[in-house]
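Coordinate analysis (summary)
Listed below are the residues making up each chain.
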Amino acid sequence: SSKDANLLSKEDTFAVFEKYKPTHVIHLAALVGGLYAHMGNNHDYFLNNWKMDDNILEASKKTNVKKLVSCLSTCVFPDKTIYPIDETMLHNGPPHPSNAAFSYSKRVIDLQNRKCNEEHGCMFTSVVPCNVFGPHDNFDPLHAHVMGALIKRAYEAKKNGTTFEIWGTGAALRQFIYNLDLAKLFIWVLREYTEVDPIILSPNAEDEVSIKDVAMMILEAFDFKGEVQFLTDKSDGQLKKTASNAKLRTYLPQFQFTSTRQAIKETVQWYIDNYHTEHIRK
């Protein structure tokens, strides 16, 4: 974690790799945030993510890591495209302007993976999860992704007897993956997946839900009975980015994803149970 090394520093990154000498690496380090965090910090998001990614890939190559799995995001895909998107479309056009810098920095990982494999024989690959949430998420309303931010606002609205606010119209559609499901898939990729090409890790396209529906599921989990307001002057961001999991299904046709409703219920309960502990990033 960042407590072990400043991954923005090449020296620190190489030092931590030399210290632990990992044979397999799952690269999750990133500067990330919700829609509004990205919109106001595109330059920093590109520069810092690119530095971390380059340092980790170079350190992995230098120390002969047997396998490196890096994490991308469905936001890296083109804004103007046909749906559902799949792994072959990654570089087919510019991403949505709201998170373009982060998206381009993550696209570079795919290019580096391919060139490291072609020129040095490295087994470097990447996964592309959809919107991730669950216990231990970031719940800071300004820096969290949509699920964490909504859970935080719902908790505060119920506790204080105030209006629950949803930024935007709620019309945007998203696929969500429970972080416990994603963890299982990461282990499978690390052990079994042998392609350099990225693989999308996402529930089925028909499991896509609107932000409005997600908000209602959260309010149901909190048993919230108060007023709900949509702040329609706020941006919805990218309205749709439906991803195909057809490639994943060829490998794991029977994998069972936790339903969004059940995952929200479990996450809300975890948040309530841990609200006054150091486990909550709020």
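Residues numbered from 1 in each chain as written. Predicted model: local features only at pLDDT ≥ 70, side-chain atom pairs only at ≥ 80, totals over all residues. Heavy atoms only, no water.

**Topic: the nonpolar core**
In this structure, F164, I218, F222 and Y271 are the most contacted members of the largest nonpolar core, which totals 29 residues. Secondary structure elements with two or more residues in this core: α5 (146-160), β5 (164-167), β7 (176-178), α7 (211-222) and α9 (260-274). Per-element accounting of this core gives the leading share, seven residues, to α7. For F164, the contacting residues outside a window of four places in its chain are L150, R153, A154, A157, A215, L219, F224, E227, V228 and Q229. Counting 18 residues, the second-largest nonpolar core is a separate cluster that includes I177, V189, F255 and F257. (Core = buried A, V, L, I, M, F, W, Y, C linked by side-chain atoms within 4.5 Å. Buried < 20%, exposed > 50% of the residue type's maximum accessible area, 1.4 Å probe, protein only. Helix = DSSP H or I, 4+ residues; strand = E, 2+ residues; numbered from the N terminus. Contact = heavy atoms within 4.5 Å.)

**Side note on the sheet that holds strand β2 (residues 67-71)**
Across the sheet, four strands lie side by side as β1-β2-β3-β8; this open sheet has parallel pairing. A single partner strand is all that each edge strand has here, and the edge strands are β1 (24-27) and β8 (199-201). Averaged over all pairs of adjacent strands, the angle between strand axes in this sheet comes to 25°, irrespective of strand direction. The sheet contact formed by strand β3 (residues 124-129) and β8 spans three bridges and is parallel. Its bridge partner lying in β8, P129 is registered against L201. On top of the sheet, helix α6 (residues 179-192) reaches β1, β2, β3 and β8; it is set at about 145° to β2, its chief contact. (Pairing = 2+ DSSP bridges. Axes fitted to C-alpha atoms, helices over the stretch in contact; angles between N-to-C directions.)

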